[in-house]
Structures are given as structure tokens and as C-alpha cells.
Amino acid sequence: MAFKERTEPIILSKLRILNKRLELSDEEKRYLSYLDKGYKGELQFDAMAETLTSSCLTLNELLLEVERTTFQIDTLIIFSSALYLFEIKTNQGDYLYKPDGLTSLTTGVTIKNPLDQLNRTKLLFKKLLNQLGHNFKIQGSVVFVNPEFTLYNAQPDLPFIFPTQIKRLHENLNNQPGTISTNHYKLATKLASLHQIESYHNKLPTFHYDELKKGITCLVCESFEVEATHKYLECNVCGSKELIESAVMRTVKEFRLISPDTAITTSAIQEFCVVIKDGKRIRRILAKHLRIDGSRKWTKYR
Ligand SMILES: [Zn+2]
């Protein structure tokens, strides 16, 4: 298990909910798909790192700060001999490598050379390590996880790992010598505590609560065509069933994410869920899962 797990970026969770309940612009949809692909690629790499049997500590997704500059590490694996830092890319298609950027052979569009970002991250990370009193060796690589990616003209000595080389990377990481010490644990604990929560509020589409489509969506197919029976929420599209209680709490979570400033009250949740006609039922579920603040206002999601 990873020492620090990766969680879905909040902006991605929010966009997923808004995509169900609002008509997003094409640009917003592209952004959602871009974030989604990036997250899936990272999870794919996590799955590989998860199977390492050598002595190491894996920290997934670190947002750190040094000298008022923020930087992100997609994956950090601490071995006794060195710290391995990975920048994960999910690009697809054929690209031509040049030091000033990667040019798509299909669209002609040039994107930034990921080595610039890797070098910046390494530099800032080294500064942070020095501040923390550590002097470990840092190895950095850019990993392309999409099997449909090709990069022409890239010299073999560049720190790129291509999809066809990930198996070998795994073997290499599994053969790292030595055992991690208390000092490595201390560093891992410190880095995990320094991890910051992202705050990309400005990138969220602006919307008014009234514009949102209300209702509970099916857990499986995300359809709004659901019905509440005695105990279950049943989907009229795919036929799946979910306990009402979990469906309501799942919807409360969505409500909190996209409307963080609105108080969670029985009537607000009933209005948002639509299909649960019995207010007492909502009240019982909220009372079971949330802390009561005041007599009528519910806050603090457990
Ligand atoms: Zn369904």
C-alpha cells in the first residue's frame, strides 16, 4: 500500500458533478476530459508501483511549496539509495521531440517539453530537502503511460520512460538494493504533512444553483431516471439498485462539493434529491451521518 494515497482532484470531482447537472461548454468538457485522462494515467502508474516488492515508500501526488513557489510531484518513491521522482504523462499519438517542445505529427501543435517541468520540480524538491536537512540523491523521469504514444527523435539518454519500457522500470525498481531506514520514514511523514490541498476555484465554471438539474443519479449509469422504493433506489434505465441511505449520502456529498456555502438542511437536501418524498426519511438519514449544528441546520460532513 502507498505511504500516501492519491485522491481524485477536487476540481475533477466538481466538474464530473456539474457535467451531469449542467450543460458545460465544449471547452469545459475538454478540460474535464483532460483532467480525467490525467487522473486515470496516474492511477495506472500507481497500480504498477503498488506491486513493488522492494523496500520502498511510495507517495502519490504531492503538492509542495518552497520559497513561496508551489510544485507538484506526481509520484515519489523513496528507496534507501535514492529518491525517485516521476512525472506522468498521458499524451496519445505521434510526436517529434525537440528541446523546445514536442510537436504533434497529426495536428502540428507544439506542447512544452516535459523535461523543463521535471527539471524545475527536481530543483525545487532539492531545495526543500536541503531545508529539511536531507541530502538524498534524486532521480527524475518522465513516464509516458499511454500505449498509443510514440516520440520520434528522442535520444536514448533522455530521462523518458516509454510505455514499452514500464515493465523494465518495474524490474529495475524491484532490484533496488538496501532497506529504508527511520530517516526515510521521517522524511515520508514530513512530506505527507506538507502536502497542500489544491485550490483551483477560479477554473470552475460559473453557475447559479437554480440552473442545476436536481435529482439523484444512478450510481452505475448516472441516469436521473430513478425511483425510490421502500428500501432501494432503482434505476429505470440500467435496472441497478442501491440502498436509499447510501444514494442520499452520495448526493449530499455532491451537494456539498458544488454548493459548499449552502447549509445542509432537510428541506435543501429533499429539494436537491427530488425523488424522496418523505422529509422524515431524509432527516433520519442526515441525523445518522452528520453532526447536528443548531436545531435545524446540519453541517459537518463526517
Ligand atoms: Zn442506471
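Structure report, in brief.

1. Some thoughts on the overall build of the protein
Point 1. If you tally the helices and strands in the protein, you get eight helices and 14 strands.
Point 2. Expressed along its principal axes, the backbone C-alpha trace of the protein runs to roughly 65 × 50 × 35 Å.
Point 3. In the protein, which comprises 302 residues, the proportion classed as buried is 46%.
Point 4. Carbon and sulfur atoms form 50% of the exposed surface of the protein, whose accessible area is close to 16,900 Å².

2. Looking at the pattern of salt bridges
Point 1. Evaluation of the coordinates by the stated rule reveals 14 salt bridges.
Point 2. When the shortest N-O distance is used, the salt bridge between lysine 4 and glutamate 61 registers 3.5 Å. One end of the pair, lysine 4, is in the segment before helix H1 (10–21); the other, glutamate 61, is in strand E1 (residues 57–66), with 57 residues separating them in the sequence.
Point 3. Note that arginine 21 and glutamate 254 form a salt bridge whose closest N and O atoms lie 2.9 Å from each other. Of this pair, arginine 21 sits in helix H1 while glutamate 254 sits in helix H6 (residues 244–258); the two residues are 233 residues apart in sequence, bridging distant segments of the chain.
Point 4. The class of glutamate 254 is buried, set by a relative accessible area of 9%.
Point 5. One network of salt bridges, with partners in common, ties together Glu8, Arg16, Asp36 and Lys40.

3. What about the coordination of the zinc ion?
Working reference: metal with six octahedral donors, ideal angles 90 or 180 degrees; metal with four tetrahedral donors, ideal angle 109.5 degrees.
Point 1. The protein atoms that coordinate the zinc ion are Cys218 (SG), Cys221 (SG), Cys235 (SG) and Cys238 (SG), at distances spanning 2.2 to 2.4 Å.
Point 2. Note that the zinc ion binds four donor atoms; their angles at the metal cover 104 to 118°, and the shape is tetrahedral.
Point 3. As a motif over one chain, the donors of the zinc ion read C-x2-C-x13-C-x2-C.
Point 4. What makes cysteine 221 partly exposed here is its relative accessible area of 33%.

How each quantity is defined
Residues numbered from 1 in each chain as written. Predicted model: local features only at pLDDT ≥ 70, side-chain atom pairs only at ≥ 80, totals over all residues. Heavy atoms only, no water. Helix = DSSP H or I, 4+ residues; strand = E, 2+ residues; numbered from the N terminus. Buried < 20%, exposed > 50% of the residue type's maximum accessible area, 1.4 Å probe, protein only. Areas by Shrake-Rupley, 256 points an atom, 1.4 Å probe, with all protein chains shown as cover. Salt bridge = Lys/Arg side-chain N within 4 Å of Asp/Glu carboxyl O. Donors = N, O, S within 2.8 Å, 3.2 Å for Na, K, Ca; no water. Tetrahedral: all angles 85-135°; square planar, octahedral: opposite > 155°, others 65-115°.

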